[in-house]
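Coordinates in review
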Amino acid sequence: MKTDIEIAQEAVMLPIKEIAEKIGLQEDDIELYGKYKAKISNAYYDRIKDNEDGKLILVTAINPTPAGEGKTTVTVGLGEAFGQLNKKAVIALREPSLGPCFGIKGGAAGGGYAQVVPMEDLNLHFTGDFHAITSANNLLAAMLDNSIQQGNELNIDPNQVVWKRCVDINDRVLRNIVVGLGRKVDGVVREDHFVITVASEIMAILCLATDYADLKDRLGKIIVAYTYDGKPVTAKDIKAVGSMAVLLKDAMKPNLIQTLEHTPALVHGGPFANIAHGCNSVKATKTALKMADYVITEAGFGADLGAEKFLDIKCRKAGLKPDCVVLVATVRALKYNGGVAKENLSEENIEALKKGIVNLEKHIENLQQFGVPVVVTLNQFITDTEAEYEFVKNFCKERDCAFALAEVWEKGGKGGIELAQKVIETIETKPSHYAPLYPDDMAIKQKIETVAKKIYGADHVTYSPEAEKAITNIEKLGYADYPVCMAKTQYSLSDDKNKLGRPTGFTINIREVYISAGAGFIVAITGSIMTMPGLSKKPAAFGIDLTDDGQIQGLF
């Protein structure tokens, strides 16, 4: 079997103008970034905003394992399958980060014959959106430090600067640094920090803003520091809003590319789901809903993270109503949750499947709490057996879930027809009664504990003294009605990555809490989760190379 990058490099892509025409975009509606990439103009959305919305389908997954799940692969393959059925469908995805691409996870363009292309462009610099976000973030940091240096008229306490710099690379040594060393003219000496770009509040703001006015309003609300007497200082106070908005002007426009089967794909924004809210931009999703009958989108990592944030934050903030959720698993991943070592996952093992399927069970229960119908799909591996498929199918049937096998990695859209038909049938026969998990007016601690207990399955929640103090301050500042964005390991339902399956009897510890006032949510950091990942001993970067004739190798 060819590698993902070999399949992508051999693909015959259509000029993006032709893809645009398929969904009613005219030449003036797109801004070309070469032959196969384009941005969609603001004027286009204004023209179609009164169209009836299509059906919104969310693709999520069980907790990720080393065995692989293939959530993006299924998302892309499902979109291609709708095309095979002559349905007007658009895929709406996040943009990949350079961090995992050169780290351990790899890229995020799908796999096999269910990929979006140009794959290399998407996984690397793409249309420059992440660079714009990084620049806007660091411009604000520079203007903040300059305000302190140039007389400190805003009375900023250097020990209470909360705005962090960012870079889109895993670089652990930048987590905690000291800036301003040197001469007096080099700035005020203070402790500083970096986060990865996908954890920046600017990323969240870009993905939640609806237009330029909303963007600027959100940017202005960012809290960057506190004064000596504890009052918040915002980006508007620093006078950085206009300059940041200028840097983000083009990044606000959704990107249009295609799948291997020429299904249109809007790929825009990319917050991580373990340390941020894990969804593509509201603007891309809303645009897709106006141009297609079916929109297939995804949320990052497992359903306890990405899907919860999609349903509790993005849908709440944007007024979206999902019609169906597709929950992705693999037989291999379920057996891994059942205690089977990675090297033995190719062997049929119904007993391990019975033990590990409790992870799938919990995610089904979680999604049903939101009132949205669920379709479970198994992303097929060649070593899976019919007995294993039958066991999972019956398990889902007993829990009022539709089930379909996905063979999209090997067969592209044709391998997803069964799943697409099951999704259509579910949408037509089971109306969605979507509602978020908790109301806006619930207390901050209650919101945190609702997610921890109802979604993760925790018995108790504890708070560090710093988190307790932060919650009190956030309530005092008037932000208590914001939803919570939980930063948690993706590998477990708990905050301990080693607890697989469906752990019980555990406590979630809230280490840190802070307000993302521009994004409009409260971040609660659990366990040992980091907002700046590090590289492994043998990162993927070791195997990536450029040939003498300019061919990229090892990206996937």
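It should be emphasised that the depicted structure is a prediction, and the values quoted were computed from it without experimental measurement. (Residues numbered from 1 in each chain as written. Predicted model: local features only at pLDDT ≥ 70, side-chain atom pairs only at ≥ 80, totals over all residues. Heavy atoms only, no water.)

1. Here we look at the overall build of the protein chain
Stated precisely, the cut-off is as follows: For the purposes of this entry, the term helix denotes a DSSP run of H or I that reaches at least four residues, the term strand denotes a run of E that reaches at least two, and both are numbered from the N terminus. Each radius of gyration reported is based on C-alpha atoms, and the globular scaling rule is 2.2 Å times the count of residues to the power 0.38. Whether a residue is buried, partly exposed or exposed follows from its accessible area with a 1.4 Å probe, protein chains only, as a fraction of its type maximum: under 20%, in between, or over 50%, in that order. By definition in these notes, contact holds between two residues if any of their heavy atoms fall within 4.5 Å. Here the open area of atoms and residues is found with the Shrake-Rupley method and a 1.4 Å probe, where only the protein chains shown may cover a residue. Here the positive residues are Lys and Arg and the negative ones are Asp and Glu; neither His nor the chain ends is included. Taken as the charge centre is NZ of Lys, CZ of Arg, CG of Asp or CD of Glu, depending on the residue.
Within the protein chain, the regular secondary structure consists of 20 helices and 25 strands. Its C-alpha radius of gyration of 23 Å places the protein chain within 12% of the 24 Å reference for a compact globule of 556 residues. Considering only C-alpha atoms, the protein chain reaches an extent of 70 × 60 × 50 Å along its principal axes. The burial tally for the protein chain puts 59% of its 556 residues in the buried class. Taking all contacts inside the protein chain whose residues are at least 6 apart in sequence as the whole, residues at least 24 apart take part in 75%. A total accessible area of about 21,900 Å² is found for the protein chain, and carbon and sulfur atoms account for 49% of it. Side-chain charges in the protein chain split into 63 positive and 72 negative, and the spacing between the mean points of these groups amounts to 3 Å.

2. A few points about the sheet that holds strand E13 (residues 232-234)
Note the threshold: Pairing between two strands requires that DSSP report at least two bridges joining them. Axes, fitted as lines to C-alpha atoms, cover a helix only where it is in contact. Angles between the N-to-C directions of the axes lie from 0 to 180 degrees.
Strand order across the open sheet formed by three strands is E7-E12-E13, with antiparallel pairing between neighbours. Edge positions in the sheet fall to strand E7 (156-161) and E13, since each of these pairs with one other strand and no more. Looking at each pair of strands side by side, their axes are set apart by 50° on average, direction ignored. As paired strands, E7 and strand E12 (residues 223-227) are joined by two bridges and run antiparallel to one another. For Ile156, the partnering residue across the bridge sits in E12 and is Thr227. Sitting on the sheet, helix H7 (residues 129-149) is in contact with E7 and E12, with an inclination near 135° to E7.

3. Topic: the side chain of Lys71
Operational definition: Here a polar contact is recorded for every N or O atom pair within 3.5 Å, except that within protein the pair must consist of a potential hydrogen donor and a potential acceptor, and residues adjacent in sequence are included only if both atoms are side-chain atoms.
As for its position among the elements, Lys71 is in helix H4 (residues 71-84). Engagement of the side chain of Lys71 in a polar contact is seen with the backbone oxygen of Ala299, the distance being 3.3 Å.

4. Here we look at the sheet that holds strand E22 (residues 507-516)
With respect to topology, four strands assemble into an open sheet ordered E20-E22-E23-E21, the strand pairing being mixed. Each edge of the open sheet is held by one strand with a lone partner, namely strand E20 (460-463) and strand E21 (484-487). The sheet shows a mean angle of 35° between the axes of neighbouring strands, taken without regard to direction. In terms of strand pairing, E22 meets strand E23 (residues 521-526) through six bridges, oriented antiparallel. Its bridge partner lying in E23, Ile515 is registered against Ile522. Helix-sheet contacts for helix H13 (residues 303-318) involve E21 and E23, and the interaxial angle to E21 is about 170°.

5. Details of the side chain of Thr297
Here Thr297 shows up in strand E16 (residues 294-298). When its relative accessible area of 0% is taken as the criterion, Thr297 is described as buried. Beyond its immediate stretch of four places on either side in the chain, Thr297 contacts Leu56, Ile57, Leu58, Val59, Thr75, Ala92, Asn280 and Phe310.

6. Some points on a nonpolar patch on the surface
To keep it simple, the criterion reads: Note that patches include only residues with greater than 30% relative accessible area and no salt bridge, and the join distances are 9 Å for like charges and 5 Å for nonpolar side chains (Val, Leu, Ile, Met, Phe, Trp, Tyr). One side-chain nitrogen of Lys or Arg within 4 Å of one carboxyl oxygen of Asp or Glu is enough to make a salt bridge.
On the surface, a nonpolar cluster with roughly 320 Å² of combined accessible area is contributed by Met1, Tyr113 and Trp409. Mapped onto the secondary structure, Trp409 falls in helix H17 (residues 408-411). Look at Trp409 and you get partly exposed, because its relative accessible area is 34%.

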